[in-house]
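# What the coordinates show
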Amino acid sequence: MIRAFVYSAGLACALLASALQATDEHPGRYLAANCTGCHGTQGRSEGGMPSLAGLDRSYLLNAMNEFRDGSRAATIMHQHAKGYTPAQTELIAEYFASQRAR
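Residues numbered from 1 in each chain as written. Predicted model: local features only at pLDDT ≥ 70, side-chain atom pairs only at ≥ 80, totals over all residues. Heavy atoms only, no water.

## Here we look at the overall build of the chain
The condition is simple: Numbering of helices and strands runs from the N terminus, with a helix taken as a DSSP run of H or I at least four residues long and a strand as a DSSP run of E at least two residues long. Relative accessibility under 20% of the residue-type maximum defines a buried residue, over 50% an exposed one, and the middle range a partly exposed one, all with a 1.4 Å probe and only protein chains included. We call two residues in contact whenever any of their non-hydrogen atoms come within 4.5 Å of each other. Only the protein chains shown count as cover for residues, with accessible areas throughout obtained via the Shrake-Rupley method and a probe of 1.4 Å.
Per the secondary structure count, the chain includes six helices and zero strands. The order of helices and strands in the chain, counted from the N terminus, is α-α-α-α-α-α. By the burial criterion, 25% of the 102 residues in the chain qualify as buried. The long-range fraction of contacts in the chain, counting pairs at least 24 apart against all pairs at least 6 apart in sequence, stands at 58%. Counting only carbon and sulfur atoms, one obtains 60% of the accessible surface of the chain, whose full area is about 7000 Å².

As structure tokens, this is what we get:
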């Protein structure tokens, strides 16, 4: 009984994730939503924090990797960067690079 429930719940989550990705304009959008509190909607900051929209994908990846390994100074970004897999970090970088800067 528990096995059937776990299987059903897993299947439901997989279907929901597929449906969300199918309607999303970019697969990194939902991951990047975590960044909007500081870096602004779609990576366009209103000040205080750097805007990420339109920055080079390689630059963003390098910065996140440096935050993750501690070689780049940060107050909180090192903790955020450690929360993502390399594949997720790539999706986030691609998303922000694809956004129009102001």
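## Comments concerning the packing of helix 4 (residues 57-69) against helix 6 (residues 86-98)
Operational definition: Interaxial angles span 0 to 180 degrees and are taken between N-to-C directions of axes, which are lines fitted to C-alpha atoms, for helices over the stretch in contact. Geometric relationships in this document are graded by angle, where less than 35 degrees denotes roughly parallel, more than 145 denotes roughly antiparallel, 65 to 115 denotes roughly perpendicular, and other angles denote oblique. Should the near helix be turned counterclockwise from the far one by less than a right angle, the crossing is left-handed, whereas a clockwise turn marks it as right-handed. Classification convention: Asp, Glu, Lys, Arg as charged; Ala, Val, Leu, Ile, Met, Phe, Trp, Tyr, Cys, Pro as nonpolar; all other residues, Gly among them, as polar.
Running from amino to carboxyl end, helix 4 crosses helix 6 at an angle of 140°, the nearest separation of the two axes being 8 Å. In terms of orientation, helix 4 lies oblique with respect to helix 6. Regarding helix 4 and helix 6, the two cross each other, and that crossing is right-handed. Here helix 4 contributes Arg57, Leu60, Leu61, Met64 and Arg68 to the contact with helix 6, which in turn contributes Pro86, Thr89, Glu90, Ala93, Glu94, Phe96 and Ala97. Of the residues belonging to the contact of helix 4 with helix 6, the class tally is seven nonpolar, one polar and four charged.

## Remarks on the environment of Pro86
Here Pro86 is to be found in helix 6. Spatially, the C-alpha atom of Pro86 lies 9.4 Å from that of Met64, the residues being 22 residues apart in sequence.

## A closer look at the nonpolar core
Grouped burial of nonpolar side chains is what soluble globular proteins tend to show. Note the cut-off: To define a nonpolar core, start from buried Ala, Val, Leu, Ile, Met, Phe, Trp, Tyr and Cys residues and group those joined through side-chain atoms within 4.5 Å.
Core analysis: the biggest nonpolar cluster contains 15 residues, and Ala32, Leu60, Met64, Phe67, Tyr84, Ile92 and Phe96 have the highest contact counts within it. Listing elements by their share of this core, those giving two or more residues are helix 2 (29-32), helix 4 and helix 6. With near-sequence residues (within four places) excluded, Phe96 lies in contact with Ala32, Cys35, Gln42, Gly43, Leu52, Ala53, Gly54, Leu55 and Leu60.

## Notes on the pattern of salt bridges
We apply this condition: Any carboxyl oxygen of Asp or Glu within 4 Å of a side-chain nitrogen of Lys or Arg constitutes a salt bridge here.
If you walk through the whole model with that rule in mind, you get three salt bridges. A salt bridge links Glu90 to Arg57; its shortest N-O distance comes to 3.2 Å. Of this pair, Glu90 sits in helix 6 while Arg57 sits in helix 4, and the two are 33 residues apart along the sequence. On the accessibility criterion, Glu90 (34% relative accessible area) is partly exposed.

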